[in-house]
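As a plain string of letters, each chain reads:
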Amino acid sequence: MKNINFKEIKDAYQLVEGAKIKGKNYEEIFELGHYDANKRGYTLYPFEDGVRFEDFCVIVSERELKTNYVIEGVNVNIPIVEQQSVRLSA
């Protein structure tokens, strides 16, 4: 996962389910889950070696994501699933 190019989060349109998120000050990588309207935040699941751990998750607000996290650089014209399969086959 070291070859992922992370970029700043500029707006909520970048926050799509399945995107990889990393803290600016930490090396731990998370996978973005769904938006929980009741808790007013996005779920983040720990992600390591291609495995998403669903036994633990964190709820993070959009503001905190923009301030303290970066997101993988993705091409918005190609679905994330296709981009991940290309990356895994390389």
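Procedures and definitions
- Residues numbered from 1 in each chain as written.
- Predicted model: local features only at pLDDT ≥ 70, side-chain atom pairs only at ≥ 80, totals over all residues.
- Heavy atoms only, no water.
- Salt bridge = Lys/Arg side-chain N within 4 Å of Asp/Glu carboxyl O.
- Buried < 20%, exposed > 50% of the residue type's maximum accessible area, 1.4 Å probe, protein only.
- Helix = DSSP H or I, 4+ residues; strand = E, 2+ residues; numbered from the N terminus.
- Pairing = 2+ DSSP bridges.
- Core = buried A, V, L, I, M, F, W, Y, C linked by side-chain atoms within 4.5 Å.
- Contact = heavy atoms within 4.5 Å.
- Phe/Tyr/Trp six-rings, centres within 6.5 Å; stacked < 30°, edge-to-face > 60°.
- Lys NZ or Arg CZ within 6 Å of the ring centre and 35° of its normal.

## Looking at the pattern of salt bridges
Taken as a whole and judged by the stated rule, the model has six salt bridges. Connected via shared salt-bridge partners are Lys-20, Glu-31, Arg-52 and Glu-54.

## Looking at the pairing of strand S2 (residues 20–23)
Residues Lys-20 and Lys-22 of S2 are buried on one face, and the alternating residues Ile-21 and Gly-23, pointing to the opposite face, are buried as well. Pairing geometry for S2 and strand S3 (residues 29–36), over three bridges, is antiparallel. Residue pairing in the sheet places Lys-20 in a bridge with Glu-31 of S3. Two strands pair when backbone bridges link them, and S2 and strand S7 (residues 69–72) are joined in this way by three bridges, in the antiparallel orientation.

## Some remarks on the nonpolar core
Core analysis: the biggest nonpolar cluster contains 12 residues, these being Ile-9, Leu-15, Ala-19, Ile-21, Phe-30, Leu-32, Tyr-42, Leu-44, Val-60, Leu-65, Tyr-69 and Ile-71. Contributing elements (two or more residues each) for this core: S3, strand S4 (41–48) and S7. Not counting residues within four places of it along the chain, the set of residues in contact with Leu-32 comprises Leu-15, Val-16, Glu-17, Gly-18, Ala-19, Ile-21, Tyr-42, Thr-43, Leu-44 and Leu-65.

## A word on the environment of Phe-30
Here Phe-30 is to be found in strand S3. As for Phe-30 and Cys-57, which are separated by 27 residues in sequence, their C-alpha atoms are 9.2 Å apart. In contact with Phe-30, other than residues within four places in its own chain, are Ala-19, Lys-20, Ile-21, Leu-44, Tyr-45, Pro-46, Phe-47 and Tyr-69.

## Quick notes on the packing of aromatic side chains
All told, the structure shown has two aromatic pairs when counted by the stated rule. On the numbers, 6.5 Å between centres and 75° between planes, the contact of Phe-30 with Tyr-69 is edge-to-face. Of this pair, Phe-30 sits in strand S3 while Tyr-69 sits in strand S7; the two residues are 39 residues apart in sequence, bridging distant segments of the chain. Sitting over the ring of Phe-47, Lys-20 keeps its end group 4.5 Å from the ring centre.

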